Amino acid sequence: MRLALIAHDEKKPDLIDFAENRSDDLEHFELMATGTTGKRLIEATGLDIERKQSGPLGGDMQIGAEIASEDCHGVVFLRDPLTAQPHEPDITALLRICDVHDVPLATNLASADAVLDELMDQLEGEFDHRD
Ligand SMILES: O=C(CO)COP(=O)(O)O
C-alpha cells in the first residue's frame, strides 16, 4: 500500500513530529513525498521515501498522477492555510483527484492519525486475509 506525505514549509515540523511518532506504522507502507518534505523526513526519521519534485516544481502533480493511476492509496497533506502558494492550482488539483478516486486525504494532524489508523486496519485486514 502506497502513502504520500506532503507539508508546506510552516507545517513541515508538524509532519516530522507525526512521522517520528508513527514511524513504526509508516514503515509498513511504500512512502512517497514531495521533494523538500521527503528530504526533511528522511533526515529526521530515516524512513525509506521516494522523493518527487518539490511542490512548486510539479511534485503535487506527480503525486496526483500516482492517484489517477490508482497507485497511491492515502495522502497526508499538511497545508499551510495562512500563506498563499505560487502553485495553488496544483494543490487544488491534487485535492480534487483524491476526491475523484476516493483516496483518504488528511489535511491536518488530527485527521492524519485517523487516516493512518484506517489504512493500518486495511493493511492488517489484507494480511489476515492472506493467512
Ligand atoms: O509545496 C508543497 C506542496 O504543495 C510541498 O513541496 P516541498 O515538499 O517540496 O516543500
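In this text the structure is predicted, and so the values were computed from the model without any measurement.

How each quantity is defined
- Residues numbered from 1 in each chain as written.
- Predicted model: local features only at pLDDT ≥ 70, side-chain atom pairs only at ≥ 80, totals over all residues.
- Heavy atoms only, no water.
- UniProt positions renumbered as here; feature names shortened; annotations may be inferred.
- Contact = heavy atoms within 4.5 Å.
- Helix = DSSP H or I, 4+ residues; strand = E, 2+ residues; numbered from the N terminus.
- Buried < 20%, exposed > 50% of the residue type's maximum accessible area, 1.4 Å probe, protein only.
- Arc of directions from axis to C-beta.
- Pairing = 2+ DSSP bridges.
- Near = heavy atom within 4 Å.
- Polar contact = N/O pair within 3.5 Å; in protein donor to acceptor, adjacent residues only side chain to side chain.
- Areas by Shrake-Rupley, 256 points an atom, 1.4 Å probe, with all protein chains shown as cover.

> Quick one: what's the story with the UniProt feature "active site" (unreviewed entry) in the protein, residue by residue and with numbers?
The sites that carry the UniProt feature "active site" (unreviewed entry) are, in the present numbering, D60. Excluding residues that lie within four positions of it along the chain, D60 makes contacts with T34, G55, F77, H87, D90, I91 and L94.

> Lay out unusual backbone geometry in plain terms, naming residues and giving numbers.
You will see that E70, though not glycine, has its phi angle at about 60 degrees, which is positive. Within the secondary structure, E70 is located in the loop between α4 (59-68) and β4 (74-78). Despite not being glycine, D102 shows a phi value in the positive range, around 55 degrees. The topology assignment puts D102 in the loop between α5 (88-100) and β5 (105-106).

> Which residues make up the UniProt feature "binding site: substrate" (unreviewed entry) in the protein, and what are the values?
The UniProt feature table records "binding site: substrate" (unreviewed entry) at H8, K12, T34, G35, T36, T37, S54, G55 and H87. Tracing the sequence through the fold places S54 in the loop between β3 (49-51) and α4. The partly exposed category is assigned to S54, whose relative accessible area is 22%. Tracing the backbone shows G55 in the loop between β3 and α4. Exposure remark for G55: the relative accessible area of 9% places this residue in the buried category. In this structure, G55 is in contact with T34, D60, H87 and D90, ignoring residues within four places of it in sequence.

> Which residues make up helix α1 (residues 12-21), and what values do they have?
Residues K12, L15, I16, F18 and A19 constitute the buried set of α1. Down the axis of α1, the sector holding all buried residues measures 160 degrees, keeping them to one side.

> I'd like a rundown of the sheet that holds strand β2 (residues 30-33), residues and numbers included.
Spatially, β3-β2-β1-β4-β5 is the arrangement adopted by the five strands of the open sheet, whose pairing is parallel. Every other strand in the sheet has two partners, leaving β3 and β5 as the edge strands with one partner each. Two strands pair when backbone bridges link them, and strand β1 (residues 2-7) and β4 are joined in this way by five bridges, in the parallel orientation. The residue bridging L5 from the neighbouring strand is V76, located in β4.

> Let's hear about α4: which residues, and what values?
At 3.6 residues per turn, the α-helix brings residues three or four places apart onto the same side. Along α4, the residues that are buried comprise G59, D60, I63, G64, E66 and I67. Buried residues along α4 cover an arc of 155 degrees about the axis, so they all sit on one side. Summarising the contacts, the buried residues of α4 are in contact with β1, β2, β3, β4 and α5. Taken from the residues just after α4, E70 is the one with a positive phi, measuring 60 degrees.

> Go over the site of the ligand, please, and point to the residues and values.
Around the ligand there are 16 residues in total, and K12, T34, T37, S54 and D60 lie nearest to it. Within the contact set of the ligand, an oxygen atom lies 2.9 Å away from a side-chain nitrogen or oxygen of H8. In this structure, S54 approaches the ligand through a side-chain N or O atom, which is 2.6 Å from an oxygen atom. In isolation the ligand exposes 300 Å². Once the protein is present, 96% of that is buried. Put simply, the parts of the chain that give the shell around the ligand at least two residues each are β1 and α3 (35-45). The leading source of residues in the shell around the ligand is α3, at three residues.

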